[in-house]
Amino acid sequence: KDPCDGYCATIYDAVWTAAIAMSSMELAEDGSVDKATLLTAIRNVSFEGASGRVQYDTTTGERDTIDQALRVSNIQQVTGPAGTVSLSMVPVWRLQTGVGG
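So, how was this worked out
Residues numbered from 1 in each chain as written. Predicted model: local features only at pLDDT ≥ 70, side-chain atom pairs only at ≥ 80, totals over all residues. Heavy atoms only, no water. Helix = DSSP H or I, 4+ residues; strand = E, 2+ residues; numbered from the N terminus. Buried < 20%, exposed > 50% of the residue type's maximum accessible area, 1.4 Å probe, protein only. Contact = heavy atoms within 4.5 Å. Areas by Shrake-Rupley, 256 points an atom, 1.4 Å probe, with all protein chains shown as cover. Phe/Tyr/Trp six-rings, centres within 6.5 Å; stacked < 30°, edge-to-face > 60°. Core = buried A, V, L, I, M, F, W, Y, C linked by side-chain atoms within 4.5 Å. Pairing = 2+ DSSP bridges. Salt bridge = Lys/Arg side-chain N within 4 Å of Asp/Glu carboxyl O. Polar contact = N/O pair within 3.5 Å; in protein donor to acceptor, adjacent residues only side chain to side chain.

### As for the overall build of the protein
At step 1: Each helix and strand in the protein was counted, giving two helices and seven strands.
At step 2: Start at the N end of the protein and walk to the C end: the helices and strands fall as α-α-β-β-β-β-β-β-β.
At step 3: Relative to its full complement of 101 residues, the protein shows a buried share of 18%.
At step 4: If you take every contact in the protein between residues at least 6 apart in sequence, the share linking residues at least 24 apart comes to 27%.
At step 5: When the accessible area of the protein is evaluated, it comes to approximately 7300 Å², of which 57% is carbon and sulfur surface.

### Considerations on the packing of aromatic side chains
At step 1: Across all of its chains, the model carries one aromatic pair by this definition.
At step 2: Judged by centre distance (6.5 Å) and plane angle (55 degrees), the rings of tyrosine 12 and tryptophan 16 are tilted. Placement of both tyrosine 12 and tryptophan 16 in helix α1 (residues 8–23) is noted, with a separation of four residues, approximately one turn of the helix.

### Looking at the nonpolar core
At step 1: The biggest cluster of nonpolar side chains holds seven residues, and these are Ala21, Met25, Ala41, Val45, Phe47, Val54 and Tyr56.
At step 2: Ignoring any residue separated from it by four or fewer positions in sequence, one finds alanine 41 in contact with Ala21, Ser24 and Met25.

### Re the pairing of strand β2 (residues 52–55)
At step 1: As defined by bridge partners, strand β1 (residues 46–49) adjoins β2 across four bridges and the pair is classed as antiparallel. Pairing of phenylalanine 47 across the sheet is with valine 54, part of β2.
At step 2: Hairpin connection, β1 to β2: the antiparallel pair is bridged by two residues.

### As for the side chain of threonine 17
At step 1: On the secondary structure map, threonine 17 appears in helix α1.
At step 2: Classification of threonine 17 as buried rests on a relative accessible area of 4%.
At step 3: Sequence-distant contacts of threonine 17, defined by excluding residues within four places in its chain, comprise Ile42, Val45, Phe47, Val54 and Tyr56.

### Remarks on the pattern of salt bridges
At step 1: Following the criterion strictly, the structure yields one salt bridge and no others.
At step 2: Note that arginine 53 and glutamate 48 form a salt bridge whose closest N and O atoms lie 3.6 Å from each other.

### Overview of the environment of aspartate 13
At step 1: By the element assignment, aspartate 13 lies in helix α1.
At step 2: Residue classification places aspartate 13 among the buried positions, given a relative accessible area of 1%.
At step 3: Distance from aspartate 13 to alanine 50, taken between C-alpha atoms, is 6.3 Å for residues 37 residues apart in sequence.
At step 4: Aside from chain neighbours lying at most four places away, what touches aspartate 13 is Phe47, Gly49, Ala50, Ser51, Gly52, Val54 and Arg63.
At step 5: Separated by 2.8 Å, the side chain of aspartate 13 and the backbone nitrogen of alanine 50 make a polar contact.

Right, here's the structure in full:
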């Protein structure tokens, strides 16, 4: 059974979102983090993650799913002429455009 139930890429991106947001913040003198400042920092995060483009609507805080992608981690071994071996990656699937979009 998949320990992440298919959400490993999203969980990975959530951890990176928090790390990127926190690295852009200035802590208070006592080392604390203001909740409103953290939420603003998270809403301003934007990066290419494991599940596709990660960015958030600055008003609602919802993740923008326009360019969300699923990279299938199935790599196939391909034997070519003269016995050469290479790896072939399965294409990216995007919500809006489908395979390879």
